[in-house]
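# Examining the three-dimensional arrangement
Listed here are the chains, written in short residue letters.
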Amino acid sequence: SLHVARSGRVLFVQGAGADETKDAKSALLTAILGLDRGLAASDEARKRVQKLACALEASNPTRNPLRSPLINGEWELQYTTCRAAVEGGVPGVKLRPVAGGIRQRVDMYSMKVVNESTYKLAFSEFPNVAVADLAALSDSRVQLKFSSFKIGPLQMSAPPRTPASPLAPSPLAP
């Protein structure tokens, strides 16, 4: 799946001369406007975003993204093709994150990623936290495997057969 996230002035594209990179970033951010983090994207819009993300990734000046200090920190999800990431990951229940959106803390030193969001169901809000371990596959690819989940007061380990997902993070400085 494709994910686009932002941290301050740094854009993160997972899955892609300075002026060309700036133009590619602008085109991608314009293309995802109004797509409700990907939930409202038509097939045509998804293909356009994928094409723009690949073009931006190709112009990435960051060599060895996993070794870059730009990857560590807190990110906010702007777009994804993974519906479960935006709908709370509860099968059959469509939830939308409230204020703050979907945040992700990346720590390449401890090889951990923590996804956090707050959802509203009826009249109460509850946190949703997913912790994943990272394994470097190369200087530019990681494998992500969820280890635990917390939904409101319930905390659980990920099922032993939770599939691992390979990712290619590309932090792109402004």
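Here is what the cut-offs are and how they apply
- Residues numbered from 1 in each chain as written.
- Predicted model: local features only at pLDDT ≥ 70, side-chain atom pairs only at ≥ 80, totals over all residues.
- Heavy atoms only, no water.
- Pairing = 2+ DSSP bridges.
- Helix = DSSP H or I, 4+ residues; strand = E, 2+ residues; numbered from the N terminus.
- pLDDT = per-residue confidence, 0-100.
- Core = buried A, V, L, I, M, F, W, Y, C linked by side-chain atoms within 4.5 Å.
- Buried < 20%, exposed > 50% of the residue type's maximum accessible area, 1.4 Å probe, protein only.
- Contact = heavy atoms within 4.5 Å.

### Looking at the pairing of strand β6 (residues 124–136)
For strand β5 (residues 112–121) and β6, the ladder comprises 10 bridges, and the chain directions are antiparallel. Pairing of Lys120 across the sheet is with Glu125, part of β6. Connecting β5 to the antiparallel partner β6 that follows it, the hairpin turn spans 2 residues, and Ala122 within it adopts a positive phi of roughly 60°.

### Let's talk about the confidence of the model for the protein
The pLDDT averaged across the protein works out to 77; a share of 72% of its residues lies at or above 70. By mean pLDDT, the top-scoring element of the protein is strand β8 (residues 154–157) (90), and the lowest-scoring one is strand β2 (residues 10–14) (54).

### Considerations on the nonpolar core
In this structure, Ala24, Leu28, Ala31, Ile32, Leu35, Ala41, Ala45, Val49, Leu52, Ala53, Leu56 and Tyr79 together form the largest nonpolar core, which totals 12 residues. With 5 residues, helix α2 (residues 43–58) is the largest single contributor of residues to this core. For Ala41, the residues in contact, after removing those within four places along its chain, are Leu35, Arg46 and Tyr79. The next biggest cluster of nonpolar side chains, apart from the first, holds 10 residues, and it includes Trp75, Val106, Met108 and Val113.

### Details of the side chain of Ser148
Structurally, Ser148 is set in strand β7 (residues 142–151). In this structure Ser148 comes out as buried when scored by relative accessible area, which is 18%. In this structure Ser148 touches Val129, Ala130, Val131, Met156, Ser157 and Ala158, once residues within four positions along its chain are discounted.

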